[in-house]
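Coordinate analysis (summary)
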Amino acid sequence: GAVVSQHPSRVICKSGTSVKIECRSLDFQATTMFWYRQFPKKSLMLMATSNEGSKATYEQGVEKDKFLINHASLTLSTLTVTSAHPEDSSFYICSARPIAGVWETQYFGPGTRLLVL
Amino acid sequence: AQTVTQSQPEMSVQEAETVTLSCTYDTSESDYYLFWYKQPPSRQMILVIRQEAYKQQNATENRFSVNFQKAAKSFSLKISDSQLGDAAMYFCAYRSASFGNEKLTFGTGTRLTIIP
């Protein structure tokens, strides 16, 4: 149980284009999902908290107009990297917190590797 | 703000032996949760074990157990009978129990190598 998927697993795009990453909780509902960024050999950095039906809460220093987050349903959140540039290349990971059950725990997706050329 | 410190960037252990990974944290809160996550080369974050701060009993999950010392703000992970599949980055994480404060604060991680 508590499976989270991400799509795509890896994407290569040209500079200036936008990329959408999907995060789905497959066997549970989640009012709250989280988006992280991880640089090589580093820890996870929280970018934003996504709440179903409301605006996302961004961490300090994260550009909300560049990283658009939409939490469309209790099982889906999307992260769109707009006008991507090479410095946006990174590993993006989402997590989801169940509404019921072990509600205090975040379950993570497998991550998306983004490479901007 | 809460901080989580993992002072061992790298650890290694012989297969079948026991290893302990250290984690300390700083908080002014009395109620919170602590987690150990494992990130193997696939980079999928996997929950290893969870501890509620209000529980005195240390959590255990098969070969994994913790030594939770609330007064010392210490939360170490013990892996018994180490297996090759245990090789990974291990992250210690803190989460407040306060309503609406769900952020996970991660340590910098410990890379565990298993020696066959």
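Residues numbered from 1 in each chain as written. Chains lettered and ligands numbered in written order. Predicted model: local features only at pLDDT ≥ 70, side-chain atom pairs only at ≥ 80, totals over all residues. Heavy atoms only, no water.

1. Structural notes on the overall build of chain A
What chain A contains, in helices and strands, is zero helices and eleven strands. Seen in sequence order, chain A has helices and strands lined up from the N terminus as β-β-β-β-β-β-β-β-β-β-β. Over its C-alpha trace chain A gives a radius of gyration of 13 Å, about what one expects of a compact globule, namely 13 Å for 117 residues. Along the three orthogonal principal directions, the C-alpha set of chain A runs to about 40 × 25 × 20 Å. (Helix = DSSP H or I, 4+ residues; strand = E, 2+ residues; numbered from the N terminus. Rg over C-alpha atoms; globule rule 2.2 N^0.38 Å.)

2. Some thoughts on the state of the cysteines
Residues and elements named next belong to chain B. Evaluated as defined, the whole model comprises two disulfides over all chains. The disulfide partner of cysteine 23 is cysteine 92, and the S-S distance across this bridge is 2.0 Å. Residues cysteine 23 and cysteine 92 are joined by a disulfide whose S-S torsion is about -70°; by sign, that bridge is left-handed. Note that cysteine 23 is positioned in the loop between strand 3 (19–21) and strand 4 (24–26) and cysteine 92 in strand 10 (residues 88–96), a separation of 69 residues in sequence. This pair shows no difference in class: cysteine 23 is buried, exactly as cysteine 92 is. (Disulfide = S-S within 2.5 Å. Buried < 20%, exposed > 50% of the residue type's maximum accessible area, 1.4 Å probe, protein only.)

3. Re the interface of chain A and chain B
In this assembly, 24 residues from chain A lie in contact with 20 residues from chain B. Summed over both sides, the interface between chain A and chain B buries roughly 1800 Å², with carbon and sulfur atoms accounting for 51% of that surface. Contact with chain B buries surface across chain A, with Ser43, Glu104 and Phe108 of chain A losing the most and accounting together for 28% of the total. Linking chain A to chain B there are three salt bridges. Arginine 50 of chain B is paired through a salt bridge with glutamate 104 of chain A; the nearest N and O atoms lie 3.5 Å apart. For the pair chain A and chain B, the number of links is eleven residue pairs in polar contact (both at pLDDT 80 or more). Counting residues per element, the ones that place at least two in the side of chain A that touches chain B are strand 4 (32–38), strand 5 (44–51), strand 9 (90–97) and strand 10 (107–108) of chain A. Per-class residue counts for the side of chain A that touches chain B are twelve nonpolar, six polar and six charged. (Contact = heavy atoms within 4.5 Å. Buried area = accessible area lost by both parts, 1.4 Å probe. Salt bridge = Lys/Arg side-chain N within 4 Å of Asp/Glu carboxyl O. Polar contact = N/O pair within 3.5 Å; in protein donor to acceptor, adjacent residues only side chain to side chain. Nonpolar A, V, L, I, M, F, W, Y, C, P; charged D, E, K, R; others polar.)

4. Brief notes about the pattern of salt bridges
If you walk through the whole model with that rule in mind, you get nine salt bridges over all chains. With a shortest N-O distance of 3.9 Å, lysine 55 of chain B and glutamate 52 of chain B are connected by a salt bridge. Overall, lysine 55 of chain B belongs to the partly exposed group, its relative accessible area being 39%. In this structure, the salt-bridge partner of aspartate 86 of chain B is arginine 63 of chain B, at a minimum N-O distance of 2.8 Å. Taken as a pair, aspartate 86 of chain B in the loop between strand 9 (74–79) and strand 10 and arginine 63 of chain B in the loop between strand 7 (60–61) and strand 8 (64–69) lie far apart in primary sequence, 23 residues in all. Each member of the salt-bridge network shares a partner with another, and the members are Arg97 of chain A together with Arg95 and Glu102 of chain B.

5. Thoughts on the sheet that holds strand 1 (residues 4–7) of chain A
All names here are of chain A. Taken together, the four strands give an open sheet; going across it, the order is 1-3-8-7, and neighbouring strands pair in antiparallel fashion. The sheet terminates laterally at strand 1 and strand 7 (67–73), the two strands that pair on one side only. The average angle at which neighbouring strand axes cross in this sheet is 15°, direction not considered. Relative to strand 3 (residues 19–25), strand 1 runs antiparallel, the two sharing four bridges. The residue of strand 3 that forms the bridge with glutamine 6 is cysteine 23. (Pairing = 2+ DSSP bridges. Axes fitted to C-alpha atoms, helices over the stretch in contact; angles between N-to-C directions.)

6. Details of unusual backbone geometry
Residues and elements named next belong to chain A. With an omega dihedral of 0°, the bond running from histidine 7 to proline 8 counts as a cis peptide bond. With phi around 60°, lysine 41 is a residue other than glycine that occupies positive phi space. Judged by relative accessible area, which is 73%, lysine 41 ranks as exposed. At serine 83, a residue that is not glycine, the phi angle is positive and equals roughly 45°. The residue serine 83 is located in the loop between strand 8 (76–81) and strand 9 in this model. A relative accessible area of 34% places serine 83 in the partly exposed class.

Keep in mind these values describe shape, not function.
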